[in-house]
Number of protein chains: 2
Amino acid sequence: MSPSKVEFWFDFGSTYSYLSAFQMEGAKDVSISWRPFLLGPIFEEQGWNDSPFNIYPSKGRYMWRDMERRCARDGIPFVKPSRFPRNGLLAARITCLAGARSEPWLPEFVRAVFRANFGEDREIGEPMEIQAILDDLGLPGADLIEQAQTSENKQRLRDQTRRAAELGIFGAPSFIVDGELFWGSDRLEDALAWRWREGT
Amino acid sequence: MSPSKVEFWFDFGSTYSYLSAFQMEGAKDVSISWRPFLLGPIFEEQGWNDSPFNIYPSKGRYMWRDMERRCARDGIPFVKPSRFPRNGLLAARITCLAGARSEPWLPEFVRAVFRANFGEDREIGEPMEIQAILDDLGLPGADLIEQAQTSENKQRLRDQTRRAAELGIFGAPSFIVDGELFWGSDRLEDALAWRWREGT
């Protein structure tokens, strides 16, 4: 039996993607494919120039309370960010670079960026913060940021965002297992159950 | 210890409310307050004149596939309705009437209407279908429909829809436990867990 695989599609500005990045730690026997993408262009196609949580205030108020409860439940830190959504462009590019090179630090970097955004209220849109996160992981921050900005690597993220739209992805986080799309941090369990049902 | 209570807010046209109406059968030790309301006016406040699942096609496509999977998982019938969303006005009025009279058939009626809409592709917006559903439950369908159309009872539903908006409800299903709002069929578990945590 070949190892089962789940694609985890996320945006660093997305609150529920933060929850899933940590839920992923519990998914031990599955190969995770980390797929950062940008929600911005996908939201624009839906006619939104901002997060729907900002556009629809009652939905936004609910989401922040729900995040507070869910983070408490999952034991992960939560501080309501003073800016929302933050720009995840550079962090996503770094993740694309790490993915292309199969770097073992990829998951740790992803979680560190999410924690900085939603657990520590840090400006992850600023290169200085991303560099600090990389340096803290014992990585050459300044070099990696430079390498992430090559046109080849920028294209990786653009391709991945286009691919997300082609796959029918309209929000984050999303999971894909054997061609099946699951949307929302509360669908990870379904996604993993799908794998087991199909894999037997 | 006073009995714990969950308010279940739903619209008969809402797919995920269908799932929750049946999930409620499993919530044995909790007092359920059935709260039908109309999503229409609430969506209008958000600038939508239709279901967001119709307005945003990729979200709609996903929802129908998700419903198919979740109904299979939960063992409840599913037939993609030929009209969506259907008008739940009359069914909601009947439910309000049943609530005001503490009728024991209320939950069974609610589930029968949802099943007709999403399991049998029946036109629940038509009084004939609602009457057939009531008659099948051994109730005086024609009389109940007449009683549901009094101005007193119509006002009940209007009041309840206004109350939903006041409570910050922006979608269905929603659950309220001890003043805490939970949105979506996948938050019922959280809602009931909240009850236990707060009730001890």
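About the criteria used
Residues numbered from 1 in each chain as written. Chains lettered and ligands numbered in written order. Predicted model: local features only at pLDDT ≥ 70, side-chain atom pairs only at ≥ 80, totals over all residues. Heavy atoms only, no water. Helix = DSSP H or I, 4+ residues; strand = E, 2+ residues; numbered from the N terminus. Rg over C-alpha atoms; globule rule 2.2 N^0.38 Å. Least-squares fit on C-alpha atoms with pLDDT ≥ 70 in both. Contact = heavy atoms within 4.5 Å. Buried area = accessible area lost by both parts, 1.4 Å probe. Salt bridge = Lys/Arg side-chain N within 4 Å of Asp/Glu carboxyl O. Polar contact = N/O pair within 3.5 Å; in protein donor to acceptor, adjacent residues only side chain to side chain. Nonpolar A, V, L, I, M, F, W, Y, C, P; charged D, E, K, R; others polar. Expected span 1.5 Å × (residues − 1). Buried < 20%, exposed > 50% of the residue type's maximum accessible area, 1.4 Å probe, protein only. Arc of directions from axis to C-beta. Core = buried A, V, L, I, M, F, W, Y, C linked by side-chain atoms within 4.5 Å. Pairing = 2+ DSSP bridges. Axes fitted to C-alpha atoms, helices over the stretch in contact; angles between N-to-C directions.

### Re the overall build of chain A
For step 1, the next point in the chain: Within chain A one finds ten helices and four strands.
For step 2, the next point in the chain: Of the regular secondary structure in chain A, the N- to C-terminal order runs β-α-β-α-α-α-α-α-α-α-α-β-β-α.
For step 3, the next point in the chain: Relative to its length of 200 residues, chain A is compact, with a C-alpha radius of gyration of 16 Å against a globular reference of 16 Å.
For step 4, the next point in the chain: Seen through its C-alpha atoms, chain A measures out along the principal axes to roughly 45 × 40 × 35 Å.

### Thoughts on the relation of the copies chain B and chain A
The relation between the two chain copies is a rotation about an axis coupled with a shift along that axis.
For step 1, the next point in the chain: Once chain B is rotated about the relating axis by 180° and shifted along it by 0.0 Å, it coincides with chain A to within an RMSD of 0.0 Å. Taken together, these values place the two copies in the relation of a two-fold axis. It is B:Asp186 whose C-alpha, among those of chain B, lies nearest the rotation axis, at 3.5 Å.
For step 2, the next point in the chain: In this assembly the copies share their binding face: 100% of the residues contributing to the interface of chain B also contribute to that of chain A.

### Observations regarding the interface of chain B and chain A
For step 1, the next point in the chain: Each side of the interface is counted separately: chain B has 22 residues, and chain A has 22 residues.
For step 2, the next point in the chain: Carbon and sulfur atoms make up 47% of the surface buried where chain B meets chain A, a total of about 2200 Å² over both sides.
For step 3, the next point in the chain: Three residues stand out in chain B for area buried against chain A, namely B:Tyr62, B:Arg69 and B:Arg187, and they jointly supply 26% of the buried area on that side.
For step 4, the next point in the chain: Counting every contact that joins chain B to chain A gives twelve salt bridges.
For step 5, the next point in the chain: At the surface where chain B touches chain A, the tally comes to 16 residue pairs in polar contact (both at pLDDT 80 or more).
For step 6, the next point in the chain: Looking at the side of chain B that touches chain A, the elements with two or more residues in it are helix 4 (57-74), strand 4 (180-183) and helix 10 (188-199) of chain B.
For step 7, the next point in the chain: A breakdown of the residues in the side of chain B that touches chain A according to their chemical character gives nine nonpolar, three polar and ten charged.

### Things to note about helix 9 (residues 151-166) of chain A
Residues and elements named next belong to chain A.
For step 1, the next point in the chain: The terminal C-alpha atoms of helix 9 lie 22 Å apart, and with 16 residues this matches the ideal 22 Å at 1.5 Å per residue to within 8%.
For step 2, the next point in the chain: The complete set of buried residues in helix 9 reads Asn153, Leu157, Gln160, Thr161 and Ala164. Down the axis of helix 9, the buried set is contained in an arc of 95°. They therefore lie on one face. When the buried face of helix 9 is taken as reference, the exposed residues oriented beyond 90 degrees from it are Ser151, Glu152, Arg162 and Glu166.
For step 3, the next point in the chain: Tucked inside the fold, the buried residues of helix 9 contact strand 1 (5-10), strand 2 (31-36), helix 2 (39-45), helix 5 (89-100) and helix 8 (141-148).
For step 4, the next point in the chain: Once helix 9 finishes, glycine 168 follows within two positions and takes phi at roughly 90°, a positive value.

### A few points about the nonpolar core
For step 1, the next point in the chain: By size, the foremost hydrophobic cluster in this structure holds 130 residues, and its most contacted members are A:Ile94, A:Ile130, B:Ile94 and B:Ile130.
For step 2, the next point in the chain: In this structure, B:Ile94 is in contact with B:Trp105, B:Phe109, B:Ile130, B:Leu134, B:Leu144, B:Ile145 and B:Ala148, ignoring residues within four places of it in sequence.

### Focus on the sheet that holds strand 1 (residues 5-10) of chain B
Residue and element names in this part refer to chain B.
For step 1, the next point in the chain: Read across the open sheet, the four strands follow the order 2-1-3-4; overall the sheet is mixed. This sheet does not close on itself; its edge strands, each paired only once, are strand 2 (31-36) and strand 4. The sheet shows a mean angle of 20° between the axes of neighbouring strands, direction not considered.
For step 2, the next point in the chain: In the sheet, strand 1 pairs with strand 2 via six bridges, with the strands oriented parallel. Within strand 2, the position partnered with phenylalanine 8 by the bridge is tryptophan 34.
For step 3, the next point in the chain: Against the sheet, helix 6 (residues 106-118) makes contact with strand 1 and strand 2, and its axis sits at roughly 50° relative to strand 2, the strand it touches most.

### A few points about the environment of B:Val110
Residues and elements named next belong to chain B.
For step 1, the next point in the chain: Relative to the helices and strands, valine 110 is located in helix 6.
For step 2, the next point in the chain: Given the relative accessible area of 0%, valine 110 is considered buried.
For step 3, the next point in the chain: The spacing of valine 110 and isoleucine 133 is 23 residues in sequence and 9.9 Å in space, taken between C-alpha atoms.
For step 4, the next point in the chain: In this structure valine 110 touches Phe10, Phe12, Ala21, Trp34 and Thr95, once residues within four positions along its chain are discounted.

### Observations regarding the pattern of salt bridges
For step 1, the next point in the chain: The final tally for this structure, using the stated rule, is 44 salt bridges over all chains.
For step 2, the next point in the chain: With a shortest N-O distance of 3.4 Å, A:Arg111 and A:Glu25 are connected by a salt bridge. Taken together, the positions of A:Arg111 in helix 6 (residues 106-118) and A:Glu25 in the loop between helix 1 (15-23) and strand 2 put the pair 86 residues apart, joining distant regions of the chain.
For step 3, the next point in the chain: With a shortest N-O distance of 3.2 Å, B:Glu68 and B:Arg65 are connected by a salt bridge. Of this pair, B:Glu68 and B:Arg65 are both found in helix 4, three residues apart, which corresponds to roughly one turn of the helix.
For step 4, the next point in the chain: Exposure remark for B:Arg65: the relative accessible area of 29% places this residue in the partly exposed category.

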